[in-house]
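Descriptive structure summary
Residue strings, one per chain:
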Amino acid sequence: MEIKSKYGQMGDLFMAITTVAQMGGGEIAIPVSLAAFTPLAEAWDLSSDEQIKLLGSPPRSTFFKWKKEGTEVPRDTGERISHLLAIWKALEILFTDPVRSQEWLKRKNEFFGGLSALDIMLERGDFSDIVKVRQYLDAQRGG
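Scope of this entry: the structure provided in the associated data block. Everything numeric in this text was worked out from a predicted model, so none of it was measured.

**Concerning the environment of P58**
Here P58 shows up in the loop between α3 (48-54) and α4 (60-69). The spatial distance from the C-alpha of P58 to the C-alpha of T77 is 8.9 Å, given a sequence separation of 19 residues.

**Examining the environment of W88**
Topologically, W88 is positioned in helix α5 (residues 75-94). Overall, W88 belongs to the buried group, its relative accessible area being 1%. Between the alpha carbons of W88 and L40 there is a distance of 7.6 Å; along the sequence they are 48 residues apart.

**Description of the side chain of Q51**
The topology assignment puts Q51 in helix α3. Since its relative accessible area comes to 8%, Q51 is described here as buried. Sequence-distant contacts of Q51, that is, excluding residues within four places in its chain, are made with F37, A41, L46, F63 and K67.

**Some thoughts on unusual backbone geometry**
A positive phi angle is found at D45, which is not glycine, with a value near 55°. Mapped onto the fold, D45 is located in the loop between α2 (30-43) and α3. Among the residues examined, D45 registers a relative accessible area of 51% and is labelled exposed. Here the phi dihedral of S57 falls at roughly 60°; this positive angle occurs in a residue that is not glycine.

**With respect to the packing of aromatic side chains**
For any two aromatic rings, the description comes down to two numbers: the centre-to-centre distance and the angle of the planes. Using the criterion set out here, one finds five aromatic pairs in the structure. Note on F63 and F64: the rings are 5.0 Å apart at their centroids and 70° apart in plane angle, and the pair reads as edge-to-face. By relative accessible area, F63 is classed as buried at 0%. Among the aromatic side chains, those forming a connected cluster through ring pairs are W104, F111, F112 and Y136.

About the cut-offs
Per chain, residue numbering runs from 1 following the sequence as it is written. The predicted origin of the model limits local features to residues at a pLDDT of at least 70 and limits the giving and counting of side-chain atom pairs to 80 or more, whereas totals for whole chains, interfaces and linings rest on all residues. The side-chain quantities take in all heavy atoms of the structure and omit both hydrogens and water. A run of H or I in DSSP becomes a helix once it reaches four residues, and a run of E becomes a strand once it reaches two; helices and strands are each numbered from the N terminus. For each residue, the accessible area found with a 1.4 Å probe, counting protein chains only, is set against the maximum for its type, and the residue is called buried under 20%, exposed over 50%, and partly exposed in between. Residues are treated as being in contact if the distance between any of their heavy atoms lies within 4.5 Å. Pairing of aromatic side chains requires ring centres within 6.5 Å, counting the rings of Phe and Tyr and the six-membered ring of Trp. Pairs whose planes differ by under 30 degrees are stacked, by over 60 edge-to-face, and all others tilted.

As structure tokens, then:
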């Protein structure tokens, strides 16, 4: 049930981010981006090291400073967060049960060479691997 409550919170944050994005502004601010990423990371049971890797491997001190002070993130980090949110949203569409969604993320997949989608994104930490998972899910849901 804890995952479900986090996904509910995540849905509210996703709507807030969508509204901010539609309003424009250009710069990606950490209070919006990391505020959305943090519950996603919690729902996916990511360690701090895994979160750092998905965010582009900033120094640990930078990562914790972002969380504490709410300073702006670099464009690359903002783009990573955007794609990770799109992955979360695609999983929400494909699997109405958050538990099944999380299980899929961590289950071995032939398309990814026997690795899980999460393993693919974390193995090298490359932006292209996050995009690969997003594109796979977008194709699966017909998006």
